[in-house]
Amino acid sequence: MDDNTQVSIDGIQQAEKVVYQYMQPSQLLHYQNLSELFGASVYVKHENQNMGGSFKIRGGINIMHQLKKEEVPGVITFSTGNHGISVAKSAQLFGLEAIIVVPKRNSPEKNQLIKDAGATLVEAGEHFEEAAAYGQKLQKENQYRFIHAANEPHLIHGVGTEFTEILRQLPDIDVIILPIGGGSELAAAVTVFKALKPSVEIYAVQAEASKAAYLSWKKGEITQAENKTFAGGFATGAGFDLTFDIYKDHLTDFILLSEEELMEGIAYAFTYTHNVAEGAGGSTLIACRKIADSIKGKNVVLQMSGANESANRYLMALNKYLR
């Protein structure tokens, strides 16, 4: 399942028939305050309001539907949070056992959500890549189906339903700004817009402290980098080949944010939309501010995903940046 030719607009359209059995389309809301602030017509795609608090549930539902048909006994994956929550919740929906491997000192709130969904939580390794290696070791021992966080066509197809939704909700979209960790969402967006509306400008956002995807894009090849951001949605130390091969030649630009800017994004989300969002979830608002001169007068969609930050992190951001 690592051949990017398997990812297609047809696969995404087929995934809609599965995904919408379990969830409704998420809201795409126009924000006049953000529009005035940035000089564009600004919309927010509220993936933070989905089951599990992120866009990832779409991919989880679609891949679990496929695996249920294959009669696998269970699944195993690695995660810093939202991917693991998605796999746990979607496995529960389909009656499959799930093991989720997270790094030591992972967010207690996200760990609890994984356990609440009935999955077995395993803490191993100091960071994302070490958790991944331990997850692969466990998979060999129990023969569960290993679900990669990004290199999974069925997962990308499920995630792609977000973007066919956007085209129905806002046919005149000009720009979309998306956070990137493993890249499943960015790959899905490229697949949809390249096929159905290639004029859409696609901007990727990543943490300066964990910029492997940015460096991979800049160099044109998979690259590793330090992985030190607090924002779990960005916390990857290497690009992934399947998603990278899809998006590498189709981005308008890439925007890097400091840890301080990511904290400010949490406060921006609360101030301007009255939503709670993680560092990655609020990042698109700050990214939009940084490219405001390039998007004036355009219809701009900001993806907001990830509503599972720690209470302490929310309080820190609001105390420092609340307007």
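All of the points below concern the structure found in this document. Position numbers for residues start from 1 in each chain and track the written sequence from start to end. In keeping with the predicted nature of the model, local features appear solely for residues at pLDDT of at least 70, side-chain atom pairs appear and are counted solely at 80 or more, and the whole-chain, interface and lining totals rest on all residues. As a rule here, side-chain values come from all non-hydrogen atoms in the structure, and water together with hydrogens is ignored.

## Let's talk about the side chain of Glu 47
Note on conventions: DSSP H or I runs of at least 4 residues are helices, E runs of at least 2 residues are strands, and numbering of each starts at the N terminus. Relative to the helices and strands, Glu 47 is located in the loop between strand S2 (41–46) and helix H3 (56–69). Categorising residues by exposure relies on relative accessible area from a 1.4 Å probe, with only protein chains included: less than 20% of the type maximum marks a residue as buried, more than 50% marks it as exposed, and the intermediate range marks it as partly exposed. Assessed through its relative accessible area of 0%, Glu 47 is described here as buried. Contacts described as polar in this section are N or O atom pairs within 3.5 Å, which, within protein, must combine one atom able to donate a hydrogen with one able to accept it, while residues neighboring in sequence count only if both atoms come from side chains. Within the local environment of Glu 47, its side chain forms a polar contact with the side chain of Arg 58, the two groups lying 2.7 Å apart. We call two residues in contact whenever any of their non-hydrogen atoms come within 4.5 Å of each other. The residues contacting Glu 47, other than those within four sequence positions of it, are Ser 26, Gly 53, Ser 54, Phe 55, Arg 58, Glu 162, Gln 303, Met 304 and Ser 305.

## Focus: the layout of surface pockets
In this analysis, the protein atoms alone were mapped onto a 1 Å grid. Cavities are point sets where a 1.4 Å probe fits without being able to get out; pockets are open sets with protein on both sides within 12 Å along at least five of seven lines; lining residues have an atom within 4 Å of a point. Grid points are joined across faces, edges and corners, and a volume is the space filled by probe spheres set on the points. If you add up the space inside the largest pocket, you get close to 370 Å³. Looking at the largest pocket, it is lined by 19 residues, and the ones nearest its centre are Thr 80, Arg 105, Asn 106, Thr 229 and Phe 230. Residue polarity is assigned by list, with Asp, Glu, Lys and Arg as charged and Ala, Val, Leu, Ile, Met, Phe, Trp, Tyr, Cys and Pro as nonpolar; anything else, Gly included, falls into the polar class. Looking at the lining of the largest pocket residue by residue, the classes come out as four nonpolar, eight polar and seven charged. In this structure, the second largest pocket encloses a volume near 180 Å³. Looking at the second largest pocket, the residues that line it are Phe 78, Phe 128, Glu 129, Ala 132, Ala 133, Gln 136, His 148, Ala 238 and Phe 240. The element best represented in the lining of the second largest pocket is helix H6 (residues 128–142), accounting for five residues. Residue composition of the lining of the second largest pocket, by class: six nonpolar, two polar and one charged.

## Quick notes on the packing of aromatic side chains
Note on ring pairs: Phe, Tyr and Trp rings are taken, using the six-membered ring of Trp, and paired if centres are within 6.5 Å. Classes follow the plane angle, with under 30 degrees stacked, over 60 edge-to-face and the rest tilted. According to the stated counting rule, one finds eight aromatic pairs in the structure shown. Pairing Phe 244 with Tyr 247 gives two aromatic rings, centres 5.8 Å apart and planes at 90 degrees, and the pair type is edge-to-face. Residue Phe 244 and its partner Tyr 247 are located together in helix H11 (residues 241–247), separated by three residues, close to a single helical turn. Each of the two residues, Phe 244 as well as Tyr 247, counts as buried. On the numbers, 5.0 Å between centres and 50 degrees between planes, the contact of Tyr 268 with Tyr 272 is tilted. Taken together, the residues Tyr 268 and Tyr 272, both in helix H12 (residues 259–273) and four residues apart, mark about one turn of the helix. Residues Tyr 268 and Tyr 272 agree in their burial class; the two are buried. Linked through ring pairs, Tyr 214, Trp 217 and Phe 254 together constitute an aromatic cluster.

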